[in-house]
Amino acid sequence: MGLDFELILTIAFVVTGAFWLYDRIVFAPKRKAILADMPEAARSALKKNDLPLLADTPKYVAEVKSYFVIIAVIFFLRSFVVEPFQIPSGSMLPTLKIGDFILVNKFDYGIRLPVLNTKIIETTEPKRGDVVVFKYPRDPSLNYIKRLVGMPGDVISYHNKTLMVNGEAVSKAFLAELPISLNPNQEPVKVYQEDLGGKQHETYNSYHHGAPDGDWIVPKGHYFVMGDNRDNSADSREWGFVPEANLKGRAFYVWLHWNKFLSIPSFKNNGLIE
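As the structure is a prediction and not an experimental result, all values here were calculated from the model.

Some details on the sheet that holds strand β11 (residues 189-196)
Then, number 1: As summarised here, the arrangement of the three strands in space is β10-β11-β12, forming an open sheet in which the pairing is antiparallel. Each edge of the open sheet is held by one strand with a lone partner, namely β10 (171-178) and β12 (199-206). Here the strands of the sheet are splayed against their neighbours by 25° on average, with no regard to which way each runs.
Then, number 2: Pairing analysis gives eight bridges linking β11 to β12, with the strands arranged antiparallel. Of the residues in β12, the one forming a bridge with Val-191 is Tyr-204.

Looking at a nonpolar patch on the surface
Then, number 1: A surface patch of nonpolar side chains, about 660 Å² in accessible area, is lined by Leu-7, Ile-11, Val-15, Leu-113, Val-115, Leu-116, Ile-120 and Ile-121.
Then, number 2: Within the residue set of the nonpolar patch, elements represented by two or more residues are α1 (5-37) and β4 (119-121).
Then, number 3: The leading source of residues in the nonpolar patch is α1, at three residues.
Then, number 4: Within the secondary structure, Leu-7 is located in helix α1.

Structural notes on the environment of Ile-8
Then, number 1: Mapped onto the elements of the fold, Ile-8 is located in helix α1.
Then, number 2: By relative accessible area, Ile-8 is classed as partly exposed at 40%.
Then, number 3: A sequence separation of 27 residues divides Ile-8 from Leu-35, and the C-alpha atoms of the two residues are 37 Å apart.

Brief notes about the pattern of salt bridges
Then, number 1: Considering all chains together, one arrives at 17 salt bridges under this definition.
Then, number 2: Residue Lys-65 is joined to Asp-23 by a salt bridge in which the shortest nitrogen-to-oxygen separation is 3.7 Å. On the criterion of sequence distance, the pair formed by Lys-65 in helix α3 (residues 59-65) and Asp-23 in helix α1 is long-range, its members being 42 residues apart.
Then, number 3: In this structure Asp-23 comes out as buried when scored by relative accessible area, which is 2%.

Some points on unusual backbone geometry
Then, number 1: Following Leu-93, the chain continues into Pro-94 via a peptide bond in cis, with omega recorded as 0°.
Then, number 2: Here Pro-94 is to be found in the loop between β1 (82-86) and β2 (100-105).
Then, number 3: Here the phi dihedral of Ala-55 falls at roughly 60°; this positive angle occurs in a residue that is not glycine.

Some thoughts on helix α4 (residues 68-80)
Then, number 1: For α4, spanning 13 residues, the distance from its first C-alpha to its last is 18 Å, which sits close to the expected 18 Å at 1.5 Å a residue.
Then, number 2: Where the residues of α4 are buried, they touch α1, α3, β1 and β3 (111-112).

What counts as what
Residues numbered from 1 in each chain as written. Predicted model: local features only at pLDDT ≥ 70, side-chain atom pairs only at ≥ 80, totals over all residues. Heavy atoms only, no water. Pairing = 2+ DSSP bridges. Helix = DSSP H or I, 4+ residues; strand = E, 2+ residues; numbered from the N terminus. Axes fitted to C-alpha atoms, helices over the stretch in contact; angles between N-to-C directions. Patch = residues over 30% accessible without salt bridge, like charges linked within 9 Å, V, L, I, M, F, W, Y side chains within 5 Å. Areas by Shrake-Rupley, 256 points an atom, 1.4 Å probe, with all protein chains shown as cover. Salt bridge = Lys/Arg side-chain N within 4 Å of Asp/Glu carboxyl O. Buried < 20%, exposed > 50% of the residue type's maximum accessible area, 1.4 Å probe, protein only. Expected span 1.5 Å × (residues − 1). Contact = heavy atoms within 4.5 Å.

See below:
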């Protein structure tokens, strides 16, 4: 069972912050007064580790509150600016490889409260073709990553490996036929370059039949997402639409590739589960 790193970090922020505030209100004024009355020679003789314990400050208070600034910086950066994830599966091949470490922009789709994911400040809107991270609709404790294909009100069709948006086939050009692919089973695939909303990216099509064909009308306040590995992706074709409230951010940068992902322990919400 994985650990919810976002929840753990939030609890750590609240706990250390409470100790920091308690120290600032109760003990800091007493320490300041003691230091002011202390001769210069005595102040100079004090060791750095002794300063937080003046005025009978409990050692556990000094210890816990000392972590607050570090945890606060990590908490705010990760919650409101950028969050790291690692890709554990091949549903976004060939765009994102298994083991890729990616960065996700946390303010593109609105500033949201940690854990609750409630939007508190409007920013920009999602765009067709974005690679988005979101809470899995069937289990919000899990994070998924897919490409945004359908906007609210769109009619999406997928038949015989052809994607259509509002009655028009999405432009794609054949690039290559690979006898061995990056899929875990190394099956042969055809590689295409797709143009979705002006964003060009590569996709895989396998020779076997993948996710179910069908037609979908995207409801208001929801999005339709698909993996670039079209025949090896569990996405909106199988489990439905993504509510706007589930969006976490836009993936924008791969900063490291690690091809032995399975040997690395990961947190439940720090590693994407697709």
